[in-house]
Each structure stands twice: as structure tokens, then as C-alpha cells.
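# Topology and contacts: notes
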Amino acid sequence: MARIRGRSWRPSGRWFAVASTRSVAGQMFVLQVLIVLLLVVAAAVTLLLQARTDRFQAARDRSLAAAEAFAHGPGLVQTMQGPDPAAVLQPLAEATRRQGGVDFLVVMNRDGIRYSHPDPTQIGKKFVGTIEPSLNGHVTVEEVNGPLGKELQVVVPVTDNGRVVGMVASGLKVSSVSSAVDEQLPLVLGAGAAALVLATAGTALVTRRLRRQTHGLGPAEMTRMYEHHDAVLHAVREGVVIVSGEGRVLLANDEARRLLGLPPDVEGRTVASLDLDPRMAELLASRRVASDEVLPVGDRLLAVNQRPTDRRGGPPGSVATLRDSTELRALAGKAEVARGRLRLLYDASVAIGTTLDVQRTAEELADVAARGFADYVSVDLSEPVLRGEEPPETVGSGVAEVRRVALSGARDDSPLYGAGELLTFAAPTPQATGFVSGTPVLVPDLSVAHGWRWQDEDRTQAVLEHGFQSLITVPLKARGVLMGIANFWRTRESEPFEEDDLSLAEELAARAAVCIDNARRFTREHTMAVTLQHSLLPRALPDQNALDVAYRYLPAQAGVGGDWFDVIPLPGARVALVVGDVVGHGLHAAATMGRLRTAVQNFSALDLPPDELLGHLDELVARIDQEADEGDGQSSITGATCLVAIYDPTTGTCAMARAGHPLPALVHPDGTVEFPELPAGPPLGLGGLPFEAMELSLLEGTSLVLYTDGLVEDRTRDIDTGLRILATTLAHPDRTPQDTCEAVIDALLPDRQTDDIALLVARTRILEPDSIATWELPSDPAVVGRARADVTRRLTEWGLEEAVFTTELILSELITNAIRHATGPIRVRLLRDRNLICEVADTSSTSPHLRYAAAEDEGGRGLFLVAQLAERWGTRYTPEGKVIWTEQSLMDLSGGLDLSGVDFEGL
């Protein structure tokens, strides 16, 4: 070795040694120089080809531009048809040629006779080139040898009303066109030469270093040396591990990999990154001297010898040899087994049951047991358990119907049933035996057992061929409920299961069963709460024409809340929008939400303004709190927030009031987003303070966005940030309400949703003016006939002749009552919406009451007749008085007037 090292450093033969192709270093040097030279030559050739292509393209573009510009010039056709076209066109063509930078510009007739040419002697002669395509209206591009040399010429037709009357040819010598590559080529060649020099020098330095490291050995010598060393390392019965000075594994033979459980890609990794016993990792990384030091690694006791590698000038690091101490392992075997089981049970207690999810808990059991107890673990549960229900009674049935919810193992290609499959195990399989009887089953050798083959002969044979050796099936039972089974499998690479392993499997299954039962009970209670909550929310939006409405309701991931929303059609084509939030979570909040939603619908039937409706809700919440205090003697404040908006499509106005609820958002048609400053009323249930309403005028196409605080506020985001994100997301008026809901949820939905989210987006519509008819009438009985005539005329214009008779009867009675019982003017309004709406407004605040007239009574039958003829009727109070309204279904009017339900004898 000293002789080789000395020869490598002889000054006179240094470069000869580098370039010698006998050694690996010399071959690498020649190869890298050839690669660099080839790249430089390829770059130069590519540039030359590119230069030629660029010249032809530039000549074509310049010639085509000059020819088309002259061919489409004004007056060209008239000049060509004149008495002496050559005299006129020759100077014009030459001027254009010089401006366009082309070698020639020739104007010719259909026969190819030139009218112009840079050489005047060529005028009158036939054009040299192809003109037939141009006579058919096409542009001809070709390369020819013309009078001026080798040129690229273009022939463009001259047309007059679609007919070709002549042609214009333009050309340019390719050799006269310069290319940017001409300027770049010297620079590229110079850079290539410099790169070649630098690459050669760098390659020489690298090759010199490689020669030093290989000691000048040739490929055959290095191959033979490597084969000898590799054969020795992998043949010895001792493990060998070489670690560098930086703590990285440089080499580990097969025995070391087996003893330490090292991964295949161990070379190059640091000792600290390997999953080694802490004491073994500390020894390998310390480089200290060790002689027959015994260390436990897994279930083995290894005798370790270690020496540093830099004692005689070698590289820093250490080499360790490992030997399996069979005698010591036999003495400490039982203690190690016990410690391993305790460690496994501790890991199971920490890792299993981290969530209240049935499937996730089963997966945790499979993962923990597959790492430290079995090679493969599968968990099968009864289908009702996944839904939180009680599993069916299986005692005596002999059949186990389960779903596989978890499968974990060393590989993913095992022939076992996969997760998600619905399985039916019949006796005498161990799975059916364990699930039906509730006792564990041990199958130590699958190859000689026959009961487990009963399920599927082909699959069980595949299981054996895959290497499976033994099986333990343990029922998952907790609090007297048998929920499923856990199957533990071992392959031939591990020791088969024994009787001692059965108790450990039962302990793992028992701990997991308690966690699964807890998750099952939580699932059942959560499902019940969510079902109750959903049953109390709207199942579909009502039909109405005032608003285009979309909504989203997302319950919290854990527990249920009291958020709700509602869309309530009101008389006069109006619509009420309601969004509310009950404080707290759980069944109490959901039940309170249902009571409040029912109350809002009932109060809406009274046609109350938003502020009065909130006042009634406030009293209701106070009574709920009072009932709770009297019932159990404990103070229980319910508390709720609410926002009510009533939109009138006939006027485009929206009246809103809120009780401690977040401000609504208005998205105007121009994209402007506004949060109107509604008066902030107190939350429901506090009492003592009035609520105040605000009326806004909305343009058609304005979107009204109502939401609960769970949308804009959570633990990681304050409400101001949420409102800014909401405003930015809503600033797209072209979106439909459905698209707006999707965009808002995508932008604001938190990763961990802890509160319910209710979102309501409503885009306004305005009732067409020709669908509204209004009359002002004096308080005079003589106007009743005139009103009937006006109504009849308007219904006829609307094409509702079938409704004329019924509407006349209704309006006659309502107008007559208004004249008789009220003072001041009377206003009559007809609305054609989904229904035909009739309204009679007067200045009286007295509400009429429906009653049955006796036989001797002279009056009292008119309102009864109105109730019989109309689909709905009612009273709405206004600041000026009241409005009596009726609704008639337009769907029922097509069949004419139906008076079969009217009790005329009672009238």
C-alpha cells in the first residue's frame, strides 16, 4: 500500500497517472471530458440550425408583409386597369420595396407579365415563379433562383370584388437576412471552450482525488477486493457495524441487521435516527472502547465489542462486533417476556381510546397489537355498534354477522378480508365461536386445524400460502354487551401463539372493549341529539316569489347546539327571514331552539312587525327560565339571540330588528358589501328593554345574508377577522345564493368546528308593476259598484276571468264592511303573485271576527262568506289602521268557481 501511495504522488507522472485509462480514475476522467465536449458541439450545431431557420422565417415574414401591404393598397386595382400601369406602379413599387427592406417588389397581371421590377429591363417580361395558387386566391411562398439570386419570394393575389385581377410578388435573398444567432454563436463557442477548460480542470482534480482514494487500483482489482470483503462480512456469524465520526452508519452486515432489527436503508443514516435501544445507540455513537459488554436489544442479550478506527491514522469512527449470547438470554428470558408484555399493555392504555369514535378506537387496537404482539390484527364489530346501538342477541344462533372495521399488519397485500367488508362467520369457525359464546379461541397451527377453513376454502388456502401460522380470536365484551371480535394472526416469521399469549390477548381486548363501548354510547347519544336537532329545523324552504333563498346548516362536530333559521311566507307576498342562536349546547339547547322556532312561526301568523315579534319571544324565554327555576330549584338562564327581517317585494323595503345577534350583511348589485347598523337590542330573556326596528330600501338583486356567530368566530379567530373574510367572500354579486353559500362555507369553516353554523342568503326580487293594482276609494256606498268594475277590468287584463265572480264577492263584502265600520278613505290593492291577493285598508284598528249568524239575524254572514271563498284571510295592523287581506290560489281558478263547500242554508 505504501508503494502505491508513493507512486500516486510522483510529480513527473502526475497528469499521466490521471489520464491513464487503466485505473477507474483515468476512465472517469476520459468519460467526463468526452461528455463535456459532446455537449459543446451539440450546442454549436443547434445554434447553426436555429440560425438557418430564423433567416428563412425572417425573409418570409418581411416579404409577405411588403407584398400584402402593396396588394391591399387603395387604388391598386384601378391603376392596374389603367392605360399605362407600369409607369404608375414602377416608382410606387420601388418606394415600397426600399421602405419594406425587400430585394424586389413586382406587380403583375393574371398572365404573370411584370408591371414593376427593381431592374427596369425586366418590366413586361414574364414573372419567374409559381403563380397558379395565387390565381385561385391563395398566397404562394417558395424558394427560387431569380434574377437577383437565390431568394425566398411570396406571391399575393390582388382581388376586386372577390375576383383575382393581378398579383404582387415580393422577395428577399436569404443570405441578406441576419440572425441573432450570428451574434450569439461566437459568445456560445467561447463560453463552451471556457466550460470545456473548466470542466477538464475540475474533472482532473476530481479524478486525482478518486485515484488517491482507490490507491490507483483498476476495476478488476477493486471488484475482486470488494467481493472478498463482502463475502467475509456476510459469512461471519457475528454482526459488524462501522460508524463514521459524524455518527452515521457506514456498513452493517446481514447478522447486524438481524440482531439490531435495522432497516434496509440503514447505510448513511445517523445512529440517533434508528429505532435502537437507548443503551445500544449510546454505545455506537460514543466511539468508546467496549469489550464483551452485554446489552439487551428486544428479546436478545448481545455481547458487544467496539474499537475506534483512527488509532493508526485511519478515518474517525468506530467498528463494533455483535454476538448473540444464547446462554444469557435463556437466563433472562422470562423477565424480558414479562417486561415486554407490561410495556405492550402500557402502550395500549395510552394509545387506545384517544377519541370517542368507534372505528378509530378499533383501528388503535389493531395498530398497537400489530406492533408488539401479532403480525396482523383485525377487528370485526357488529353493524349496530357502529351506529351506537345495542348489538343483536347472538347466543345460540351459531352465526356471527359483523363488519371488519380495522386491519393492520406488516404488509398491505395480505389475503385477509379488508376493512369495510361485511362478513358472516358460521360455526365452527373461531370467529363465530368467539362472538357467539363470548370465550376466546386459540388456533396454534392453522395448517392442521379444520374449523377455521369452514368460512372460505380458497381464501383460507391463500392465507396459509401467505405464511400465516396461528390465530387467536377474542370477543370484545364490556358491561355485559358483546360488540365484536378481535383476531390476532402470526406468520411463520414469528413464534406461534401459545397458551400464555391468550391471557395477554384477552387483556388487550378487554381494555379496547371498554373504550369501544364508551365510543358506542357517545355515538348513540350524539346521534339522538343530532336527530332531534334536525327534526326541529326546516326540512325544505317554502314556495314564494319574493326572494331567491339558499341556506347551509352545519352542526358542531361534538355535541349539538341551538342555532336555527326559518323562511316564513307572510300575507301580501312578503317573506320573513329568521336566524337565531340559543346559548349553550346539548339536548336542552336543541329543545329550546324548537320551542322558539315554533313560537316565531306562531307570532308570524299574527303578522307582527319585527320589533314586536322579538318582544313576545323575549317574554317566552323569560317564562322558560322561570319554569326551569320552579321545576328543579336551580337557576338556569337560557338566553338566545335572534334576528328577524321582513321583506316586502311590492315596495322593495325590508324591516329588520335584532336581539343581541350579529349584524346582517347586505350585498348590493354593484358588489358593495355593507353591514347596516341595526339597533342592538338585548339578548332574549333579559327583559326590561324594548326592541327597535329599522326599515331599509333594497334594490332588486340585493343579497341579504343572515348567519350565526359560529360562522365568523371561533377559538383561533376573533369576530372582526371573521367579518372581514365574510365581506371579501361576499363581494361577488354575480354568484347565485347557492354559490354564495358554498364560497362562504369554504372560506370560513374552521378545521375544528365547535359551534353550530347557520347561514341564510336571500336575493331580493321586486314584484312587477303590472302585477299590482291599487285604488283609493272614498267612504261612500256608491263606490262599491265602481270598485267591482275596476277589479273586473284588471282581472280580465291579467287573464284571470275565472276569478272575477269570486273576487267581486270578496271585495264587495270587505269594502262594504270598511265603509260601514270605519271612517276616512279606503285603499284597495290587488296583487298577482303565486296567489291572487286582495287587500282592503281602512283607518280603523278594530279587527273583524268571524261568527255564525242565527236564523233571525239580519247581518253577520258576509265575513263567513269571505272565509268560505278565499283560501286564507286575515288582518294586518298598520300605523294608519288595518288591512283585511284574502288569498285565492291561482291553481284552483283554472277550474272555475267552486261553491260546493259554501253552506248557503246557514247564510
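Since the model is a prediction, treat every value here as computed from it, not as a measurement.

Turning our eyes to something else, we now look at the overall build of the protein chain. For the protein chain, the count of helices and strands is 25 helices and 31 strands. Relative to its full complement of 907 residues, the protein chain shows a buried share of 45%. Here the contacts in the protein chain between residues at least 6 apart in sequence split such that 62% fall between residues at least 24 apart. By element, 55% of the accessible surface of the protein chain is carried by carbon and sulfur atoms, the whole surface being about 45300 Å².

With that settled, the discussion passes to the sheet that holds strand S9 (residues 317–324). Here we have five strands laid out as an open sheet, ordered S6-S5-S9-S8-S7, and antiparallel in their pairing. Strand pairing shows two members of the sheet lacking a second neighbour, strand S6 (249–252) and strand S7 (290–297), which therefore form its edges. Strand-to-strand twist of the sheet, defined as the mean angle between neighbouring strand axes without regard to direction, takes the value 25°. Relative to strand S8 (residues 300–308), S7 runs antiparallel, the two being bridged by six bridges. Bridge pairing links valine 297 to arginine 300 in S8. The sheet contacts of helix H10 (residues 278–286) involve strand S5 (239–244), S7, S8 and S9, and relative to S7 the element is tilted by about 145°.

In this section: the packing of aromatic side chains. This structure, assessed with the given rule, holds six aromatic pairs. Ring plane angle 35° and centroid distance 6.5 Å describe the contact between tyrosine 553 and phenylalanine 565, whose orientation is recorded as tilted. Taken together, the positions of tyrosine 553 in strand S16 (residues 547–554) and phenylalanine 565 in strand S17 (residues 561–569) put the pair twelve residues apart, joining distant regions of the chain. Exposure remark for phenylalanine 565: the relative accessible area of 2% places this residue in the buried category. Cluster of aromatic residues (ring-pair linked, three or more members): Phe373, Phe488 and Phe497. One Lys or Arg, arginine 459, reaches over the ring of tyrosine 417 and ends 4.0 Å from the middle of that ring. Sitting above the plane of the phenylalanine 373 ring, arginine 490 keeps its charged end 5.4 Å from the centroid.

On the surface, Leu37, Val41, Val45 and Leu49 cluster together into a nonpolar patch covering about 340 Å² of accessible area. When you line up the elements, leucine 49 lands in helix H3 (residues 24–71). Overall, leucine 49 belongs to the exposed group, its relative accessible area being 55%.

The residue serine 889 is located in strand S31 (residues 881–889) in this model. By relative accessible area, which is 11% here, serine 889 ends up buried. Leave out the neighbours within four places in its chain, and serine 889 touches Asn835 and Glu871.

Quick look at the pattern of salt bridges now. A side chain of one charge can pair with a side chain of the opposite charge if their charged atoms are brought near each other. Per the stated rule, a full pass over the model turns up 34 salt bridges. Residue glutamate 390 pairs with arginine 520 through a salt bridge whose shortest N-O separation is 3.4 Å. Here glutamate 390, found in the loop between helix H13 (383–386) and strand S11 (399–409), pairs with arginine 520, found in helix H16 (residues 499–536); they are 130 residues apart in sequence, far enough to count as distant. The exposure class of glutamate 390 is partly exposed, given its relative accessible area of 43%. On the basis of relative accessible area, arginine 520 is assigned to the buried category, the value being 0%. Between arginine 717 and aspartate 714 there is a salt bridge, with its nearest N and O atoms 3.9 Å apart.

With that out of the way, let us pick up the layout of surface pockets. Considered as a void within the structure, the second largest pocket measures approximately 1100 Å³ in volume. If you go around the second largest pocket, you meet 48 residues; those closest to its centre are Arg574, Asp607, Arg876, Tyr877 and Thr878. Ranked by residue count, the leading element in the lining of the second largest pocket is strand S30 (residues 872–878), at seven residues. For the lining of the second largest pocket, a count of residues per class yields 23 nonpolar, ten polar and 15 charged.

Our focus in this paragraph is helix H20 (residues 719–730). End to end, H20 covers 16 Å across twelve residues, agreeing with the expected 16 Å (1.5 Å per residue, within 8%). Looking at H20, one finds that the buried residues are Gly722, Leu726, Ala727, Thr729 and Leu730. Buried positions in H20, seen along its axis, are confined to an arc of 165° and lie on one side of it. In H20, those exposed residues whose orientation departs by more than 90 degrees from the buried face are Arg724 and Thr728.

Turning next to the side chain of threonine 140. Structurally, threonine 140 can be placed in strand S2 (residues 140–146). Under the relative-accessibility criterion, threonine 140 is labelled buried at 9%. A polar side-chain atom of threonine 140 sits 3.0 Å from a polar atom in the side chain of serine 134. Apart from residues lying up to four places away in sequence, threonine 140 is in contact with Thr130, Pro133, Ser134, Gln153, Val154 and Val155.

Pairing is antiparallel in the open sheet, where six strands are placed in the order S12-S11-S10-S15-S14-S13. Bordering the open sheet on either side are strand S12 (422–426) and strand S13 (441–443), each of which pairs with just one other strand. Between one strand axis and the next, the sheet turns by 30° as a mean value, whatever way the strands run. Bridge count between strand S14 (residues 468–478) and strand S15 (residues 481–491): ten bridges; the pairing is antiparallel.

Moving on, we get to the packing of helix H12 (residues 358–372) against H16. Running from amino to carboxyl end, H12 crosses H16 at an angle of 165°, the nearest separation of the two axes being 8 Å. Here H12 lies roughly antiparallel to H16, going by the angle between them. Helix-helix and strand crossings are classified by hand; for H12 and H16 the assignment is right-handed. Between H12 and H16, the residues in contact are Val358, Thr361, Leu365 and Ala369 and Leu508, Ala512, Cys515, Ile516, Ala519, Arg520 and Thr523, respectively. Its residues assigned to classes, the contact of H12 with H16 comprises eight nonpolar, two polar and one charged.

Let us now look at the confidence of the model for the protein chain. The share of residues in the protein chain with pLDDT of 70 or more is 83%, and the mean pLDDT across the chain is 80. Element-level pLDDT for the protein chain is lowest in helix H1 (residues 2–8), with a mean of 35, against a maximum mean of 96 in strand S25 (residues 703–707). Considering only residues more than four positions removed or in separate chains, one finds that residues 1–19, a stretch of pLDDT under 50, has 23 contacts. Predicted confidence for residues 853–859 stays below pLDDT 50, and this span has eight contacts to residues more than four positions away or in other chains.

It is worth spelling out the pairing of S15 at this point. The two faces of a sheet get side chains in turn, since along a regular strand they alternate between them. Of all eleven residues in S15, eleven are buried, a share of seventy percent or more. Sheet analysis places strand S10 (residues 376–381) next to S15, joined by six bridges and oriented antiparallel. Directly across from leucine 381, in S15, lies its bridge partner glycine 484.

So, about a negative patch on the surface. Judged by side-chain charge, Glu495, Glu498, Glu499 and Asp500 come together as a negatively charged surface patch. Residue placement: aspartate 500 occurs in helix H16.

Calculation criteria
Residue positions are given per chain, counted from 1 along the sequence in the order it is written. Where totals are concerned, whole chains, interfaces and linings use all residues; where local detail is concerned, this predicted model gives features only for residues with pLDDT of at least 70, and gives and counts side-chain atom pairs only at 80 or more. To obtain the side-chain values, all non-hydrogen atoms of the structure were used and water was disregarded. Working definition: helices are DSSP H or I runs of at least four residues, strands are E runs of at least two. Numbering for both runs from the N terminus. Each residue is placed in one exposure class: buried if its accessible area under a 1.4 Å probe, protein chains only, is under 20% of its type's maximum, exposed if it is over 50%, and partly exposed if it falls in between. We call two residues in contact when some of their heavy atoms are within 4.5 Å. Here, Shrake-Rupley sampling with a 1.4 Å probe gives the accessible areas, and only protein chains in the shown set may cover a residue. At least two DSSP bridges between two strands are required for those strands to pair. Only the contacting stretch of a helix is used when fitting its axis, a line to C-alpha atoms as for every element, and angles between N-to-C directions run 0 to 180 degrees. Side-chain rings of Phe, Tyr and Trp, where Trp is taken by its six-membered ring, are said to pair if the distance between their centres is within 6.5 Å; with planes under 30 degrees apart they count as stacked, over 60 as edge-to-face, and otherwise as tilted. To sit over a ring, a charge needs its Lys NZ or Arg CZ within 6 Å of the ring centre and within 35 degrees of the ring normal. Only residues whose relative accessible area exceeds 30% and that form no salt bridge are eligible for patches; like-charged ones are grouped when within 9 Å, while nonpolar side chains (Val, Leu, Ile, Met, Phe, Trp, Tyr) are grouped when within 5 Å. Just to be clear on terms, a salt bridge is a Lys or Arg side-chain nitrogen sitting within 4 Å of an Asp or Glu carboxyl oxygen. Only protein atoms enter the 1 Å grid used here, on which a cavity is any set of points holding a 1.4 Å probe that cannot leave and a pocket is any open set flanked by protein within 12 Å on both sides along at least five of seven lines; residues with an atom within 4 Å of a point are listed as lining. Grid points are joined across faces, edges and corners, and a volume is the space filled by probe spheres set on the points. When residues are grouped by polarity, Ala, Val, Leu, Ile, Met, Phe, Trp, Tyr, Cys and Pro land in nonpolar, Asp, Glu, Lys and Arg in charged, and all others, Gly among them, in polar. What a helix should span is 1.5 Å times the count of its residues minus one. The arc in question is the one traced by the directions running from the helix axis out to the C-beta atoms. Any pair of N or O atoms that falls within 3.5 Å is considered a polar contact. Within protein, one atom must be able to donate a hydrogen and the other to accept it, and sequence-neighbouring residues count only if both atoms are side-chain atoms. Working rule for angles: under 35 degrees goes down as roughly parallel, over 145 as roughly antiparallel, 65 to 115 as roughly perpendicular, anything else as oblique. For a crossing to be left-handed, the near helix must be turned anticlockwise from the far one by less than a right angle; the clockwise case is right-handed. Confidence of the predictor in every single residue is expressed as pLDDT, which spans 0 to 100. Charge assignment: positive for Lys and Arg, negative for Asp and Glu; neither His nor the chain ends contribute. Just so you know, the charge point we use is NZ for Lys, CZ for Arg, CG for Asp and CD for Glu.

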